[in-house]
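# Coordinate inspection notes
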Amino acid sequence: MAAVPSRVLPLALAGALAGPVLTALPAALAQSPAASAVLSRQSFVAEAVRRTGPAVVTIDTERTVVVPGRQSLPPFPFMDPLLRQFFGLPQGGGGAIPPSQRTERGQGSGFIYDSSGLLLTNAHVVEGSTRVTVGLSDGRRVEGTVVGADRVTDLAVVRLAGGGSWPVAPLGNSDSLQVGEWVIAVGNPFGLDQTVTLGIVSSLNRNAAALGITDKRLELIQTDAAINPGNSGGPLLDANGAVVGINTLVRSGPGAGLGFAIPINRARSVAAQLVSKGSVSHAMIGVGLDAVRNASGSPMPGAVVRSVMPGGPAARAGLRPGDRITAVDGQAVSNPAQLTQLVERNGVGRAMELTLQRQGQTLRLQVTPVELSTLMGSR
């Protein structure tokens, strides 16, 4: 694949020339597999988008915003009845303006993942919406209802109204992603339908807190595929066209050009809870985590404790910054994302055993997770 891009432009020029130019190629080159690849106009990107594109949707939202009233205005110059009428102020004394309402409109992306008409998007796309309208690539516009939204993971599920034949995006396996793999971001930035950008996986398991996002609990896929405003909620595809992530944010300012996506495996479990209960339970032990790396910078199994929340379950159990957690209830931990999943899978109120390394010693500590909202509310 790496040889194809360097020949795209010369091939495009050659295609516009007369036949003898092509016949002038050496016979061995014309018959070689490399030449066949060059002459093919099909790319894996086009095939991937063809597979998933029909399920990518535009989400238009409306939300009602209350504008607070203003206090009394000074009597001069607004005491003049003509001026009051001109500025739309109530006649008479006082000059106070009562509260009013206005409608704000927003837009984002999403994709249909279930044939019953369920779609995934970001919570911030539909948060506070009084009306959701979904636009499909075939021109249909359908009303949507927010089934549930989870601010902690920035995920939401919307149900399409009515029946119909809904195109469905195939879901992949985000745990199998590797740094350097091709990924494709699809969405509707600035209202431009079916915009496609290509890049690679730059990093895995990027902790949202390390990006300055302290109110989210996410281990993100980092990519250099362009994610623009309006792409939020759209799918991040692998080379086969399967959804491996949900585009959620792009870094601006220093380091601009970095995009981040929520792994689809995390989104699956969140979506299942939103559909069944309308909300998501988040078990938490109160630690900040980092990946474990050796002296050369290569990743190693486990998760290192970067910080411990005072008064939280981990602090009460005796965990310290620098501890390397290697197992939960005997199951080996490969990275911080897996540890987070194991804590959530364990649930709230049930003790779990952490195996950890501290200054060359192996320790086992009992810790009991609590609900995230309870822990954050105690701060």
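So, here's what we can say about the structure. The shown structure was predicted, so the numbers you read here are calculated from the model rather than taken from an experiment.

Once that is clear, we can look at the sheet that holds strand E6 (residues 155–160). Strand order in the closed barrel made by the six strands is E1-E2-E3-E6-E5-E4, with antiparallel pairing throughout. Between one strand and the next, the sheet's axes are offset by a mean angle of 40°, whatever the strand orientation. Note that strand E3 (residues 118–121) and E6 share four bridges and pair antiparallel. Note that in E6 the partner of Leu120 across the bridge is Val157.

Glancing now at helix H9 (residues 264–277). End to end, H9 covers 20 Å across 14 residues, agreeing with the expected 20 Å (1.5 Å per residue, within 8%). Within H9, the full set of buried residues consists of Ile264, Asn265, Arg266, Ala267, Val270, Ala271 and Leu274. At the exit of H9 stands Gly278, carrying a positive phi of roughly 85°.

In this section: the pattern of salt bridges. Scanning all chains against the criterion turns up nine salt bridges. With a closest N to O distance of 3.0 Å, Arg141 and Asp60 form a salt bridge. With Arg141 in strand E5 (residues 141–150) and Asp60 in strand E1 (residues 56–67), the pair connects residues that are 81 residues apart, well separated along the chain. According to the relative accessible area criterion, Arg141 is exposed, its value standing at 53%.

On to helix H5 (residues 44–52). Among all positions of H5, only Val45, Ala48, Val49 and Thr52 are buried. Along H5, the residues classed as buried sweep out an arc of 95° about the axis, all on the same side.

Core analysis: the largest hydrophobic core is formed by 43 residues, its most contacted members being Phe111, Ile112, Leu119, Leu120 and Ile246. Core analysis: the next-biggest nonpolar cluster, separate from the first, contains 21 residues, Ile285, Val305, Leu319 and Val328 among them.

This part covers the pairing of strand E2 (residues 100–114). Two elements, E1 and E2, share twelve bridges in a ladder whose sense is antiparallel. Paired with Thr58 across the bridge in E2 is Ser109. Pairing of E2 with E3 involves three bridges; the strand directions are antiparallel. In the strand pairing of E3, Ile112 is matched with Leu119. Where E2 folds back on E3, the antiparallel hairpin that results is connected by three residues, among which Gly117 adopts a positive phi of roughly 105°.

Scoring rules and cut-offs
- Residues numbered from 1 in each chain as written.
- Predicted model: local features only at pLDDT ≥ 70, side-chain atom pairs only at ≥ 80, totals over all residues.
- Heavy atoms only, no water.
- Pairing = 2+ DSSP bridges.
- Helix = DSSP H or I, 4+ residues; strand = E, 2+ residues; numbered from the N terminus.
- Axes fitted to C-alpha atoms, helices over the stretch in contact; angles between N-to-C directions.
- Expected span 1.5 Å × (residues − 1).
- Buried < 20%, exposed > 50% of the residue type's maximum accessible area, 1.4 Å probe, protein only.
- Salt bridge = Lys/Arg side-chain N within 4 Å of Asp/Glu carboxyl O.
- Arc of directions from axis to C-beta.
- Core = buried A, V, L, I, M, F, W, Y, C linked by side-chain atoms within 4.5 Å.

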